[in-house]
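Descriptive analysis of the structure
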Amino acid sequence: CGNIKKDIDSGVLIIALSHPYYGVRYSACRSLIELGDIAIEPLISYVKSGPGDISTGYAIEALGGIGSTRALNIFKETIKSDDWAIRAFTAEALGKIKKSEKVLRKALKDETHPFVISKIRASMVKIDED
């Protein structure tokens with residue numbers, strides 16, 4: 001779907017992010033990344049109003065994969081989530097977006113979950129390398 005782009009409804013792919021089978025969720029996420037800019041606003045809307053489960057994590061991953069700085073505002077919110085998994089998805093996504101170092105540094109100061117801390121540090125290294 002991401003390669004076709006023409007007439008692909010990103011909303012259908014976003015719905016697939018909550019499918020019970022991992023392969024469907026993963027493929028939908030990859031397709032959303034390939035769609036690029038046309039998927040950004042629907043993904044941001046989904047993250048804002050989404051259920052806060054694994055599908056939200058995949059939506060965050062897709063936004064990070066697209067790499068647009070337009071996702072920074074929503075990531076500033078999701079990096080503060082009560083759910084450590086959402087924070088981890090966000091930390092990893094931030095590592096793929098230029099100009100996110102400030103958000104990562106601030107998150108590192110407050111973070112207590114070891115897995116999220118490792119994701120933040122890995123993203124900071126990745127940004128420094130790019």
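Residues numbered from 1 in each chain as written. Predicted model: local features only at pLDDT ≥ 70, side-chain atom pairs only at ≥ 80, totals over all residues. Heavy atoms only, no water.

**Describing the pattern of salt bridges**
Rule in force here: Salt bridges are defined as contacts in which a side-chain nitrogen from Lys or Arg sits within 4 Å of a carboxyl oxygen from Asp or Glu. Under the scheme used here, helices are H or I runs from DSSP no shorter than 4 residues and strands are E runs no shorter than 2 residues, and both carry numbers assigned from the N terminus. Accessible area is worked out with a 1.4 Å probe on protein chains only. A residue is then buried under 20% of its type maximum, exposed over 50%, and partly exposed in between.
Scanning the model with the defined rule gives five salt bridges in all. Here Lys119 ties to Glu92 by a salt bridge, and the two come within 3.1 Å at their closest N and O atoms. On the criterion of sequence distance, the pair formed by Lys119 in helix α8 (residues 114-129) and Glu92 in helix α6 (residues 84-94) is long-range, its members being 27 residues apart. Relative accessible area serves as the criterion here: at 35%, Glu92 is assigned to the partly exposed category.

**Considering the packing of α6 against α8**
Stated precisely, the cut-off is as follows: Fitted lines through C-alpha atoms serve as axes, helices being fitted only where they are in contact, and the angles separating the N-to-C directions of these axes extend from 0 to 180 degrees. An angle below 35 degrees is read as roughly parallel, one above 145 as roughly antiparallel, one from 65 to 115 as roughly perpendicular, and any other as oblique. Contacts are residue-level and defined by heavy atoms, with any inter-residue pair within 4.5 Å sufficient. Polar here means any residue other than Ala, Val, Leu, Ile, Met, Phe, Trp, Tyr, Cys and Pro, which are nonpolar, and Asp, Glu, Lys and Arg, which are charged; Gly is therefore polar.
At a closest axis distance of 8 Å, the pairing of α6 and α8 adopts a crossing angle of 5°. By the angle between their directions, the pair α6 and α8 is classed as roughly parallel. Seen from α6, the contacting residues are Trp84, Arg87, Ala88, Ala91, Glu92 and Leu94; seen from α8, they are Phe115, Val116, Lys119, Ile120, Ser123 and Ile127. Of the residues that constitute the contact of α6 with α8, the class distribution is eight nonpolar, one polar and three charged.

**Description of a positive patch on the surface**
To keep things clear, this is the line we draw: Patches in this entry comprise residues that are over 30% relatively accessible and not in a salt bridge; like charges within 9 Å are linked, as are nonpolar side chains (Val, Leu, Ile, Met, Phe, Trp, Tyr) within 5 Å. Each accessible area is a Shrake-Rupley result for a 1.4 Å probe, and residues are judged covered by the shown protein chains and nothing else. Counted as positive: Lys and Arg. Counted as negative: Asp and Glu. His and the chain ends are not counted at all. Charge placement uses NZ in Lys and CZ in Arg. For Asp and Glu, CG and CD serve respectively.
A cluster of like positive charges, contributed by Lys76, Lys80, Lys102, Lys106 and Lys109, occupies part of the molecular surface. Tracing the chain through its elements places Lys80 in the loop between α5 (72-78) and α6. Accessibility expressed as a relative area gives 58% for Lys80, which makes it exposed.

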